[in-house]
Amino acid sequence: MTTLSSGFARARRWLRDHPLAFDATLAFCTLVAMICGSFTDPGDGHGPPAFGARTPELFSVLLMTLAAAALVLRRRRPMQVLAVTAALAAVEYVLMDPPAPVVMSTVIALYTVASRTDRPTTWRVGLLTMGGLTAAAMVFGSTPWYSQENFGVFAWTGLASAAGDAVRSRRAFVDAIRERAERAERTREEEARRRVAEERLRIARDLHDVVAHHIALVNVQAGVAAHVMDKRPDQAKEALAHVRDASRSALNELRVTVGLLRQQGDPEAPTEPAPGLAVLGELVATFRNAGLPVEVACADRDRLPAAVDLAAYRVIQEALTNVRKHAGAGARAEVSVVRVGATAEVTVLDNGRGSAGRRPGTGPDGGTGPAGGGPGDGDGQAGGGHGLVGMRERVTALGGALTAGPRYGGGFRVHAILPVEARTGEPDRPGTAGGTGLCR
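Everything in this summary refers to the structure shown in the same document. Quantities reported herein were computed from a predicted structural model and do not represent experimental measurements.

Considering the overall build of the chain
Move 1: When you go through the chain residue by residue, the secondary structure sums to 11 helices and 9 strands.
Move 2: Here the contacts in the chain between residues at least 6 apart in sequence split such that 66% fall between residues at least 24 apart.
Move 3: When the accessible area of the chain is evaluated, it comes to approximately 24,600 Å², of which 60% is carbon and sulfur surface.

Thoughts on a nonpolar patch on the surface
Move 1: A cluster of nonpolar residues, Phe59, Leu62, Leu66, Val91, Val94, Leu95, Val139 and Phe140, forms a patch on the protein surface that exposes about 710 Å² of accessible area.
Move 2: Structurally, Val139 is set in helix 6 (residues 119-140).

Quick word on the sheet that holds strand 3 (residues 294-298)
Move 1: The strand order across the open sheet built from 5 strands is 3-5-6-8-7, with neighbouring strands paired in mixed fashion. Looking at the sheet topology across the chains shown, the edges are occupied by strand 3 and strand 7 (401-406). For this sheet, the mean inter-axis angle between neighbouring strands, taken without regard to orientation, is 10°.
Move 2: Of the strand pairs in this sheet, strand 7 and strand 8 (residues 412-419) are connected by 6 bridges, and their pairing is antiparallel. Paired with Thr403 across the two strands is His415, which belongs to strand 8.

A few points about the side chain of Ser161
Move 1: Among the secondary structure elements, Ser161 is positioned in helix 7 (residues 148-228).
Move 2: What makes Ser161 buried here is its relative accessible area of 8%.
Move 3: The residues touching Ser161, leaving out its near neighbours within four places in the chain, are Leu110, Ala114, Thr122, Gly126 and Met130.

Notes on the pairing of strand 8
Move 1: By the criterion of burial, strand 8 is predominantly enclosed, with 6 of the 8 residues buried.
Move 2: Relative to strand 8, strand 6 (residues 343-350) is paired through 8 bridges, and the arrangement is antiparallel. Looking at strand 8, one finds that Leu349 is bridged to Arg413.
Move 3: Where strand 7 folds back onto strand 8 in an antiparallel hairpin, the turn is made up of 5 residues, including Gly409, whose phi is positive at roughly 95°.

Some remarks on the nonpolar core
Move 1: Judged by nonpolar contacts, the single largest core of 42 residues is most densely connected at Ile316 and Val414.
Move 2: Looking at this core, the element that brings in the most residues is helix 10 (residues 306-326), giving 9 residues.
Move 3: Setting aside chain neighbours within four positions, we find Ile316 in contact with Leu277, Leu280, Leu283, Val335, Val337, Val346 and Val348.
Move 4: Counting 16 residues, the second-largest nonpolar core is a separate cluster that includes Leu63, Leu88, Ala89 and Tyr93.

Considerations on the side chain of Thr129
Move 1: Among the secondary structure elements, Thr129 is positioned in helix 6.
Move 2: Looking at Thr129, the relative accessible area reads 9%, which means it is buried.
Move 3: When neighbours within four sequence positions are excluded, Thr129 is seen to be in contact with Leu82, Thr106 and Leu110.

Let's talk about helix 10
Move 1: For helix 10, which comprises 21 residues, the first-to-last C-alpha distance of 30 Å matches the rise-based estimate of 30 Å (1.5 Å per residue) to within 8%.
Move 2: The buried count for helix 10 comes to 18 of 21 residues, which makes it a mostly enclosed element.

Here's the deal with the pattern of salt bridges
Move 1: By the definition in use, this model includes 9 salt bridges.
Move 2: As a salt-bridge pair, Asp175 and Arg178 come within 3.0 Å of each other at their nearest N and O atoms. Placement of the pair is Asp175 and Arg178 together in helix 7, with a separation of 3 residues, close to one helical turn.
Move 3: You can call Asp175 partly exposed: its relative accessible area is 44%.
Move 4: Two residues, Glu295 and Arg332, come together in a salt bridge whose shortest N-O distance is 3.3 Å.

So, how was this worked out
Residues numbered from 1 in each chain as written. Predicted model: local features only at pLDDT ≥ 70, side-chain atom pairs only at ≥ 80, totals over all residues. Heavy atoms only, no water. Helix = DSSP H or I, 4+ residues; strand = E, 2+ residues; numbered from the N terminus. Contact = heavy atoms within 4.5 Å. Areas by Shrake-Rupley, 256 points an atom, 1.4 Å probe, with all protein chains shown as cover. Patch = residues over 30% accessible without salt bridge, like charges linked within 9 Å, V, L, I, M, F, W, Y side chains within 5 Å. Salt bridge = Lys/Arg side-chain N within 4 Å of Asp/Glu carboxyl O. Pairing = 2+ DSSP bridges. Axes fitted to C-alpha atoms, helices over the stretch in contact; angles between N-to-C directions. Buried < 20%, exposed > 50% of the residue type's maximum accessible area, 1.4 Å probe, protein only. Core = buried A, V, L, I, M, F, W, Y, C linked by side-chain atoms within 4.5 Å. Expected span 1.5 Å × (residues − 1).

Right, here's the structure in full:
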């Protein structure tokens, strides 16, 4: 049974892939059916049809052969095939009595036209074919006009039109469903690509913030240790301890980020809280240990949403890192976080001048970077790096605004305005537990 069904399936696929062969097979089967029908005498309607009671004329056989041959081209020339078969059927009704069932080919041709054209065309062509052949059968036939053979012509041609129109409607419906499914699939793929790009950008920002901050501190402390190694070994040992702590922190944060990338499916919630203003004191302490005096001012202790809290922390971290890298010796920094209505404002100021003989660079925001931040400084507030770009992307993603540029009289200013209530419906980041206060 399985072999038989698989054989039918293969044959059906082959015929679907070779439509001309299918139409030739259909034409041959139609010719056989018409010839068999021409040997049948329907009788007077009071008994069963008698097979072999009559013999078709040679002219009828010729008409049936021509009509069947025309069906081979029914897909390529549906209207022409319908016109040829209808004309041959009408000739059969006019000249032969009793007529041979040439109209069977017309029924198939009419079905083809109805399944491949629109509904108004189907109605016009169908009514014309039905009316013309029925009239020819009633007027030129030897049977009464109300005989069942005459009404059978009307019924079969009408059924062909209705069946073809139904098939056309179903094909259009299936095509529409398939198109919607393909469009939905494309939309899902585009959405997936967009989410991947956003996640890649977020990871790139996090990696940049971690690496730029900790490597800058390691570089500074390593320079201090090399400078005082011979004369003040205790201070060198302390500097190396800071190097060890900064590198350990960088490795821990990198391990967490890379671990999230390696996980399959949804990552598990981290066991430690995400960085935020709650640990701002520890961040400032690392810069003070690196030789950068930092003053912190907080106006109040209102709680911030988790995403805003993280963005504020990263802005301060990147701004202080840039101060340490580009502001030059003797620079000081000031950090302030205040709540103004429905926004939180983060400001980082410095009075740095940069190294002698170097001019300010141009920042990504269109302003001018601090002295000592010329092109080639990498991630600084000036030059072609990604420091200001990353800060601006974080703030803009939350619906805020960031400005950065030189201060009048020297130094640099970074000012971020973060909306606190604009997107309160966003879910908190894992480990933040509803946000933190502005400062601790």
